[in-house]
Amino acid sequence: MSSIDVKNIAYLARIAMPPQELADTEQKLQQIFALIDHLQAQDTRNIEPMAHPLALAQRSLPDVVTESDQRDKFQALAPATELGCYLVPIVIE
Amino acid sequence: MSTNNDWEAVIGLEVHVQLATKAKIFSGASTQYGAEPNRQACAVDLGFPGVLPVLNREVVTMAIRLGLGINAQIAPRSIFARKNYFYPDLPKGYQITQFELPIVQQGHLPIVMDDGRELSIGITRAHLEEDAGKSLHEAFHQMTGIDLNRAGVPLLEIVSEPELRSSAEAVAYLKTLHALVCYLEICDGNLQEGSFRCDANVSVRKKGDPKLGTRTETKNVNSFRFVERAIDYEIARQIQVLESGGKIIQETRLYDAEKNETRSMRSKENANDYRYFPDPDLLPLEVSPEWIAEVAKDLPELPWQKRQRFEKEYALSAYDANVLSSQKTLGHYFEETVKASQASAKLCANWVMGDLLAALNKNNLALDNSPISAKSLGELLTQIANETISGKIAKTVFELMWTSKTSAKEIIDREGLVQNNDTGALEKIIDSILSDNPKQLAEYREGKDRLFGYFVGEVMKQTRGKANPNQVNTILKEKLSAE
Amino acid sequence: MPYKTLTDLKNALEQKSISSRELMTQALTRIETLNPKLNAFISVNAEMAFKAADKADQLRAQKNHAELPPLLGLPIAHKDLFCTDGIKTSCGSKMLDNFIAPYDATVVRKCAEAGLISLGKTNMDEFAMGSSTENSYYGPTRNPWNTDYVPGGSSGGSAAAVAAGLVPVSTGSDTGGSIRQPAALCGITGLKPSYGRISRYGMVAFASSLDQGGPFARSAEDIAWLMNAMAGFDPRDSTSLDVPVPDYTADLEKSIQGLRIGLPKEYFNHSLAPSMQKIIDEALKTLEKLGAQLVEISLPHSDLAISSYYVIAPAECSSNLSRYDGVRFGYRCENPQDLNDLYSRSRGEGFGAEVKRRILIGTYVLSAGYYDAYYLQAQKVRHLIKDDFDQAFRKVDVIAAPSTPTPAFKIGEKAADPVTMYQCDIYTLALNLAGLPGLSMPVGFIEGLPVGLQLMGNYLEESRILNMAHQYQKNTDWHLQHPKDL
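Residues numbered from 1 in each chain as written. Chains lettered and ligands numbered in written order. Predicted model: local features only at pLDDT ≥ 70, side-chain atom pairs only at ≥ 80, totals over all residues. Heavy atoms only, no water.

Visitor: I'm lost on the pairing of strand β8 (residues 293-297) of chain C in this one. Help?
Guide: Consecutive side chains of a regular strand alternate in pointing toward one face of the sheet and then the other. Residues and elements named next belong to chain C. In this structure, strand β7 (residues 260-264) lies alongside β8, joined through five bridges in parallel fashion. Bridge assignment links Pro264 to a residue of β8, and that residue is Ile297. Assessed by its sense of winding, the connection that carries the chain from β7 through helix α8 (residues 274-289) to β8 is right-handed. (Pairing = 2+ DSSP bridges. Helix = DSSP H or I, 4+ residues; strand = E, 2+ residues; numbered from the N terminus. Right-handed = clockwise from strand over helix to strand, strands pointing away.)

Shown next, in the form of structure tokens:
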């Protein structure tokens, strides 16, 4: 855990952090991982991972259009829109 | 110095098939193409706080149909996972897809090449996922506009084994797969609208080398022609790089149809770490044997089944049978034509694949909108079969049918195009032509065989094409050889 | 009137000794007076509440009460992570400070259908991450028993609002103890239902496989009424359970004679202060007197719950919170230079420190090379923990344990040390991993601060723990205590 690359993880998570915050976060994450790392001591051979508390199957709905256009309502909440589109800084492909 | 013949291409294709459902895979918003931006993006598609995905049952049924179509295993239990990355067309910051346990595994697609060679291409997997939205670059000053109508449209991603060895094989695979999904009615097959999209994984290796070379993934190839060109370009590029001592970089490349080249997508090179994990909002998808049996009950005849039947039932060549079975509607049109006609199936096939498709192409029409129905074409071909008109006249009749939408018989009667089968009258005409052209006659008899065509032409000219060509041939031969 | 139970107020309305409008007026006046001190509410909706109250009074005048919604005209407050159509849903975050959901959460809708009238939205740890309600963009909520102390969290606003008599009932959410822990620290009753019992639709997600909405109230009987309103199948939530909902009030009066209460030895060890132990023991003795049998059991993997939880919850959270990107709603940074700048600064500035930490933990444990060692290992341990409970419930009907290791702590005391803060939930986390129901009820005080006992049930056995809690409350008056000098 000493090698945790907080800067890279913060980039993956798209979270900007000034250097001071980065350093503080790194230190706290070290403490937290010291707690988490107790996991490694447990023998889990032959144990199935449990992704969900419900041992049920996915339900499904019939193929019916139930939603109507609410663009104006939704876009009233958006920071920037134009011509019905959400605006972001230019995306280069 | 090695040549291109020393190299072998290894191609695998990933095809994104938009499933033709009414509603999206995890929401009740419409999937209809062409709406104004974001009018078909509901709270779930927009990734609003608190809203949750629920699976559209029809999507699963369609995946089962495909699985049965390619004789694959349908997983009794498959898992929806999240693929995490940030991109403006991906509203939740993750795509719901199937990763470790896809619904369809290990199938086969039988393809036939133009030379009749038959191959069976392995399909590794087909998994369900949601489509992303679209980034629009025009019309916004220094900004990109995001339209999320497409976000959440169901996709089936079909991944082939790297068993294709040329662009021609890749195209044959794609055309067969395209035919299949249309036959199964799980996709509208519209390439322009992006309903059937292909990424090509290409690598090259020295022939006989068991090891695979480094591959590149070429994206954005949205027509069969472009797939062929993009793959050819990429094969040539890789061979050139390797022969000049370079190395192939594993990367994503974009095909530029205008320049006919592929180029590296640097923006996607930032090592992505997708952090797949099971989507905790969705439970394992279970498909019972009963569900599969129910879907199997109404599976239609598949393209290759139709191809084989056409070969057997109508004595067509592999090539003809392949073309006619490539589209469900075309095969149907052909069979209706045969049914409505006394002409041979071969003649029907020739006309459907030749004149009809050419006319449709020229007028940019779909088969469904053909001004000449299968029944009408069948009637026209009957007129050839019973020697009422010649094949040549039939082409004129066909053109008139196309524009006037009247029947072949009516046009033949109105225009007086009935073939003249009166031997006596024909003999008289031929006699007079021979006596009017003594020079050509002499030359012919001296061995200039090709003047036979000249005399046929003269006869047709004088009979305004209505002479029975078989009779013309017989009588002419007779008279020319008689000293 | 302020400390009356929901059941009392319901009777008063039915006997027409008070109107719904009068109830609203009293509650809103009290909120106006005390909220500046407690900071339990983020937003209050007086106008809408009065309108609904007048409608409820009218309806009550026209019909006899058998035809009326069971909780008609009674006040409630919702934790500010339940989406409310037309009213701000902030999740305690700067990120959603301007977010007005265009839809109601299913819980909000169902409460309204049962006749409950929402007075407003309560304060919480940002995105439900925390155990003290100090991680709120809107400042900390204070414990009504002593305003220098925290109310617990993350549903601290909802718990404080009930404890202070601002509302008789409220909603909360529990991902690792966020209902039971603040209920314990505020001296009220709170229930985390079985996973899938209450729809998560419209409840802003923290960790989807652990989150479960639930009620706070002054008594187990009131909780039963709330459960009748909130529980039930929702086609909009794939993880909602499609099984009939019992009448949770039906079993309240049953005797608990012969019921076996399991006491996990791992929960009664050195980490529990002797003063806490003493109070818990007394409560257990009372239950024993009522006919229950106390049985020592073992939940052998208990000590791993916290490690497993702090992998799984952050993993799910890191993905769930990716949607807050400054594009479609919520906070967007000023003058983004490019796309990455838009994402990184909007998220860097919009999220608080604890939320960012958890996103980073989650991102790390899911990333290439660490997935197996952390995420997958945590899921396997989760399985072991679930198996522990399955084993235990073959032997006992209910499991009892302290809700928290200590009573409330001072504001600021643990804020700088996340690991110490995480330890507050050591007794509650395992139940979320297993998806089981658990209730906390007040059973005593230490230096004027309440102590809670936790009753855990087998899957879907809410009725059984409500029955036991109700029988306890019929024979004790801890739940009737309330702060004296507010």
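Moving on, there is more to tell.
Visitor: Would you explain unusual backbone geometry in this entry?
Guide: For residues other than glycine, phi is negative in most cases, and the peptide bonds are mostly trans. With omega at 10 degrees, the peptide bond leading from Gly153 of chain C into Ser154 of chain C counts as cis. Summarising the element assignment, Ser154 of chain C is placed in the loop between β3 (117-122) and α5 (156-163). The backbone of Asn71 of chain B sits at a positive phi, close to 55 degrees, despite the residue not being glycine. Tracing the chain through its elements places Asn71 of chain B in the loop between α1 (57-69) and β3 (73-74). The backbone phi angle of Gln142 of chain B is positive, close to 55 degrees, even though this residue is not glycine.

Visitor: Honestly, the sheet that holds strand β4 (residues 169-174) of chain C in this entry has me stumped. Any pointers?
Guide: Paired through their backbone hydrogen bonds, the strands of a sheet run either parallel or antiparallel. Residue and element names in this part refer to chain C. The eleven strands are arranged β1-β3-β2-β4-β6-β5-β10-β11-β9-β7-β8 in an open sheet whose pairing can be described as mixed. Of all strands in the sheet, those bounded by a partner on one side alone are β1 (41-44) and β8. For this sheet, the mean inter-axis angle between neighbouring strands, taken without regard to orientation, is 30 degrees. Helix α15 (residues 462-475) rests against β5 (189-192), β7, β9 (398-402), β10 (438-446) and β11 (449-457) of the sheet, and its axis sits at about 25 degrees to β10. (Axes fitted to C-alpha atoms, helices over the stretch in contact; angles between N-to-C directions. Contact = heavy atoms within 4.5 Å.)

Visitor: Just checking my understanding: could you explain α8 of chain C for this structure?
Guide: Because an α-helix completes one turn every 3.6 residues, residues spaced three or four positions apart along the sequence face the same direction. Residues and elements named next belong to chain C. Between the first and last C-alpha of α8 there are 22 Å, a value that for 16 residues agrees with the 22 Å anticipated at 1.5 Å per step. Those residues of α8 that are buried lie in contact with β7, β8, β9, β10, β11 and α15. Positioned one or two residues after α8, Gly291 has a phi angle of 110 degrees, which is positive. (Expected span 1.5 Å × (residues − 1).)

Visitor: Sorry if this is basic, but what is going on with helix α6 (residues 318-325) of chain B here?
Guide: Residues and elements named next belong to chain B. Among the residues making up α6, those that are buried are Asp320, Ala321, Leu324 and Ser325. Projection of α6 onto a plane perpendicular to its axis shows the buried side chains occupying an angular sector of 120 degrees, all on one side. The secondary structure elements touched by the buried residues of α6 are α2 (167-183), α5 (303-314), α7 (328-340) and α8 (345-362). (Buried < 20%, exposed > 50% of the residue type's maximum accessible area, 1.4 Å probe, protein only. Arc of directions from axis to C-beta.)

Visitor: In this structure, what is going on with the interface of chain A and chain C? I would like to understand it.
Guide: Think of interface size as the accessible area that goes away when the parts come together; that is how it is often given. With 52 residues of chain A at the contact, the number on the chain C side is 71 residues. In total, chain A and chain C occlude about 5200 Å² of area from one another, counting both sides; carbon and sulfur atoms represent 69% of this. Interface area lost by chain A to chain C is led by Leu39, Met50 and Arg59 of chain A, which between them contribute 14%. The tally of links from chain A across to chain C stands at three salt bridges. The residue Glu21 of chain A makes a salt bridge to Lys356 of chain C at a minimum N-O spacing of 2.8 Å. Where chain A meets chain C, there are 18 residue pairs in polar contact (both at pLDDT 80 or more). Mapped onto the side of chain A that touches chain C, the elements with two or more residues apiece are α1 (6-12), α2 (19-36), α3 (71-75) and β3 (85-89) of chain A. With nine residues, α2 of chain A is the single largest residue contributor to the side of chain A that touches chain C. The residue makeup of the side of chain A that touches chain C, split by class, is 35 nonpolar, eight polar and nine charged. (Buried area = accessible area lost by both parts, 1.4 Å probe. Salt bridge = Lys/Arg side-chain N within 4 Å of Asp/Glu carboxyl O. Polar contact = N/O pair within 3.5 Å; in protein donor to acceptor, adjacent residues only side chain to side chain. Nonpolar A, V, L, I, M, F, W, Y, C, P; charged D, E, K, R; others polar.)

Visitor: Whenever I open this one, the state of the cysteines confuses me. Can you help?
Guide: Covalent bonding between the sulfur atoms of two cysteines is what defines a disulfide. In this structure the tally under the stated criterion is zero disulfides over all chains. In this structure Cys85 of chain A is not part of a disulfide, and its nearest cysteine sulfur, from Cys42 of chain B, lies 17 Å away. A disulfide-free cysteine, Cys424 of chain C has its sulfur positioned 13 Å from the sulfur of Cys186 of chain C, the nearest such atom. (Disulfide = S-S within 2.5 Å.)

Visitor: I'm lost on the interface of chain A and chain B in this one. Help?
Guide: Contact residues are listed per partner, giving 37 residues for chain A and 45 residues for chain B. Roughly 3700 Å² is buried in total at the junction of chain A and chain B, and carbon and sulfur atoms are behind 61% of that figure. Inspection of the region where chain A meets chain B yields three salt bridges. Note that Arg39 of chain B and Asp72 of chain A form a salt bridge whose closest N and O atoms lie 4.0 Å from each other. At the junction of chain A with chain B, the criterion picks out 16 residue pairs in polar contact (both at pLDDT 80 or more). For the side of chain A that touches chain B, the secondary-structure elements that each account for two or more residues are α1, β1 (60-61), α3 and β3 of chain A.

Visitor: Can you walk me through the sheet that holds strand β9 (residues 134-136) of chain B in this structure?
Guide: Pairing is antiparallel in the open sheet, where four strands are placed in the order β2(A)-β3(A)-β10(B)-β9(B). A strand with exactly one partner marks an edge of an open sheet, and here the two such strands are β2 (81-82) of chain A together with β9 of chain B. Judged from the two bridges that link them, β2 of chain A and β3 of chain A form a sheet pairing that is antiparallel. Following the sheet pairing, Thr81 of chain A is matched in β3 of chain A by Tyr86 of chain A.

Visitor: Hey, could you run me through the domain arrangement of chain B in this one?
Guide: Residues and elements named next belong to chain B. We note that the domain assignment places domain 1 (4-295), domain 2 (303-415) and domain 3 (423-481) within chain B. Placing a centre on the C-alpha atoms of domain 1 and another on those of domain 2 gives a separation of 36 Å. Taken residue by residue, the interface counts eleven residues in domain 1 and ten residues in domain 2. Of the roughly 1100 Å² buried at the junction of domain 1 and domain 2 (both faces included), carbon and sulfur atoms supply 62%. (Domains from an automatic or database assignment.)

Visitor: Hey, could you run me through the pattern of salt bridges in this one?
Guide: Side-chain pairing between opposite charges can occur once the charged atoms of the two side chains come close. Evaluated as defined, the whole model comprises 59 salt bridges over all chains. Ionic pairing is found between Arg45 of chain A and Asp43 of chain A, a salt bridge with its closest N-O pair at 2.9 Å. Here Arg21 of chain C makes a salt bridge to Asp54 of chain C, at a shortest N to O gap of 2.8 Å. You can see Arg21 of chain C sitting in helix α2 (residues 20-38) and its partner Asp54 of chain C sitting in helix α3 (residues 46-62), a full 33 residues away along the chain. Here Asp54 of chain C falls in the partly exposed class, since its relative accessible area comes to 31%. The network of salt bridges with shared partners includes Asp69, Arg71 and Asp72 of chain A together with Glu36 and Arg39 of chain B.

Visitor: Hey, could you run me through the pairing of β10 of chain C in this one?
Guide: Residue and element names in this part refer to chain C. Buried residues dominate β10, accounting for eight of its nine residues. When β5 meets β10, the two strands line up antiparallel, connected through three bridges. By the bridge assignment for β10, Gly190 is matched with Ser440. Here eight bridges tie β10 to β11, and the two strands are oriented antiparallel to one another. Note that in β11 the partner of Phe445 across the bridge is Pro450. Where β10 folds back on β11, the antiparallel hairpin that results is connected by two residues, among which Glu447 adopts a positive phi of roughly 50 degrees.

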